[in-house]
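# Secondary and tertiary structure notes
Residues per chain, in single letters:
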Amino acid sequence: MRKPVALVTGANGEIGHALIHALAERGDLAIVALDLNPLPAPLARLCAMTLIGDMLDKNLLERLISEVAVREIYHLAALLSTRSEYTPDTAHRVNVGGTLELLRLAVSQARRDAIPVVFVFPSSIAVYGLPDRETKARAGAIGEGQFNEPTTMYGCNKLYCEHLGRYFHKHFGQLDLTFQPSGVDFRALRFPGLISADSVPSGGTSDWGPELLHAAASGNAYDCFVAPDARLPFMAMPDAVRSILGLANADPSRLRQRVFNVGAFSVSAEEIRGRAERAFPGARLGWAKPGARAAIVDSWPADVDDRAAREQWGWAPEFGVDRAFDEYLIPTLRRRYESPA
Ligand code: SER
């Protein structure tokens, strides 16, 4: 009898670290972590198995399902938006090719045991493309169906993978005479920029938020690459993990769509800087001339409308802007960077 497991790809990333702790706490499924790089030992100890390798490696995935029964997939592995603009071909191969491999794995797994596989996919506000700053300011909180015209390779990859997920969920191989359901229960969250007090992201475009805060807390100088009034929706990492597990555990009969916005708070760069300066007096924060990365931020929404997530599976963030800064980010960053006495 193969052991039932939850598979986490991109396990070594920011979300991966936080999610593995939460899955270990949930405790109902053993965890298999997959990443290109080895996990730190304390994290690896929470996993039943750690696989170091490429998710595009078919042999690796085949071996995996011959050894364990994958019941849930948290497919976090991806090249983020800024990195993807430097290497768009690789981004497409990893972000789209990797997702397709994982969806295939989910189908063979689900059909083998005749048990659906829950496939959780973190999508992003990068799927939206607002044409200019005026439209962004006017649009306010935007719904899932609006402005689906991404301006980045990463955004295109995420939007297409959402479509692939919906296709696998419902129509996979629909003209095959032996048609049988795919068994893939696909669920996606469109995340705002995420901010963790425990790690700094790399390769993203919303990175100015966390970079600015970590620099202020650690005493490093930082020049923010967006204009002071640049605004994005953000979410504290504990809420991101709660939303992933909230959607994964949601009653399937209540879900009327596969892809959900999830929101928490919307802030400008100026507001983040103000909060950082008040918390860490002496922080050396400045502004760089806004360039191409700032233009990407201008094409992402200022806020998201997440009513569908609230209504269909009870999404509610625990960290609004004040709690996120005052009760999670600032105190945790202080502890993290405070010099030993
Ligand atoms: N935060 C991500 C990035 O900036 C978007 O999902 O790339």
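Our structure's up above, just so we're on the same page.
Residues numbered from 1 in each chain as written. Predicted model: local features only at pLDDT ≥ 70, side-chain atom pairs only at ≥ 80, totals over all residues. Heavy atoms only, no water.

This next bit is on the nonpolar core. Grouped together as the largest cluster of nonpolar side chains are 82 residues, with contacts concentrated most on Tyr 74, Trp 208 and Trp 313. The element contributing the most residues to this core is helix 9 (residues 237-248), with seven residues. When sequence neighbours within four positions are dropped, the list of residues in contact with Trp 208 reads Tyr 222, Cys 224, Phe 225, Val 226, Ala 230, Leu 232, Phe 234, Val 267, Ser 268, Ala 269, Ile 272 and Val 297. Judged by nonpolar contacts, the second largest core, of 34 residues, contains Ile 65, Leu 79, Val 94 and Phe 121. (Core = buried A, V, L, I, M, F, W, Y, C linked by side-chain atoms within 4.5 Å. Buried < 20%, exposed > 50% of the residue type's maximum accessible area, 1.4 Å probe, protein only. Helix = DSSP H or I, 4+ residues; strand = E, 2+ residues; numbered from the N terminus. Contact = heavy atoms within 4.5 Å.)

The residue Ala 308 is located in helix 12 (residues 307-313) in this model. In this structure Ala 308 comes out as buried when scored by relative accessible area, which is 13%. Each C-alpha atom of the pair Ala 308 and Ala 276 lies 33 Å from the other, and the pair is 32 residues apart in sequence.

This part is about the packing of aromatic side chains. Counting across every chain of the model gives ten aromatic pairs. Here the aromatic rings of Trp 208 and Phe 234 are separated by 5.2 Å at their centres, their planes lie at 85°, and the arrangement is edge-to-face. Of this pair, Trp 208 sits in helix 8 (residues 208-218) while Phe 234 sits in strand 10 (residues 231-236), and the two are 26 residues apart along the sequence. Look at Phe 234 and you get buried, because its relative accessible area is 0%. Through successive ring pairs, a cluster of aromatic residues spans Phe 119, Phe 121 and Phe 186. Between Arg 293 and the ring centre of Phe 225, over which it is positioned, the NZ or CZ distance is 4.0 Å. (Phe/Tyr/Trp six-rings, centres within 6.5 Å; stacked < 30°, edge-to-face > 60°. Lys NZ or Arg CZ within 6 Å of the ring centre and 35° of its normal.)

Turning our attention to the sheet that holds strand 12 (residues 265-268). As summarised here, the arrangement of the three strands in space is 8-10-12, forming an open sheet in which the pairing is mixed. Either end of the sheet is taken by a strand with one partner, and the two such strands are strand 8 (193-195) and strand 12. Adjacent strand axes in the sheet meet at a mean angle of 45°, parallel and antiparallel pairs treated alike. Of the strand pairs in this sheet, strand 10 and strand 12 are connected by four bridges, and their pairing is antiparallel. Looking at strand 12, one finds that Pro 233 is bridged to Ser 266. Docked against the sheet, helix 10 (residues 269-279) engages strand 10 and strand 12, running at close to 85° with respect to strand 12. (Pairing = 2+ DSSP bridges. Axes fitted to C-alpha atoms, helices over the stretch in contact; angles between N-to-C directions.)

So, on to the site of the ligand. Close to the ligand lie Leu 80, Ser 81, Ser 124, Tyr 154, Gly 204, Thr 205, Ser 206 and Trp 300, which account for all nearby residues. In this structure, an oxygen atom belonging to the ligand sits 3.0 Å away from a side-chain N or O atom of Tyr 154. Here the ligand has 240 Å² of accessible area as a free molecule, and 91% of this is covered by the chains. Grouping the constituent residues of the shell around the ligand by class yields three nonpolar, five polar and no charged. (Near = heavy atom within 4 Å. Polar contact = N/O pair within 3.5 Å; in protein donor to acceptor, adjacent residues only side chain to side chain. Areas by Shrake-Rupley, 256 points an atom, 1.4 Å probe, with all protein chains shown as cover. Nonpolar A, V, L, I, M, F, W, Y, C, P; charged D, E, K, R; others polar.)

For the rest of this paragraph, the subject is the pairing of strand 4 (residues 68-75). The element strand 4 is largely enclosed, with a buried count of eight among its eight residues. Looking at chain direction, strand 1 (residues 3-9) and strand 4 are connected through seven bridges and run parallel. Residue pairing for strand 4: Leu 7 is matched across the bridge by Ile 73. Here strand 4 pairs with strand 5 (residues 117-124) via three bridges, running parallel. Bridging from a neighbouring strand, Ile 73 pairs with Phe 119 of strand 5.

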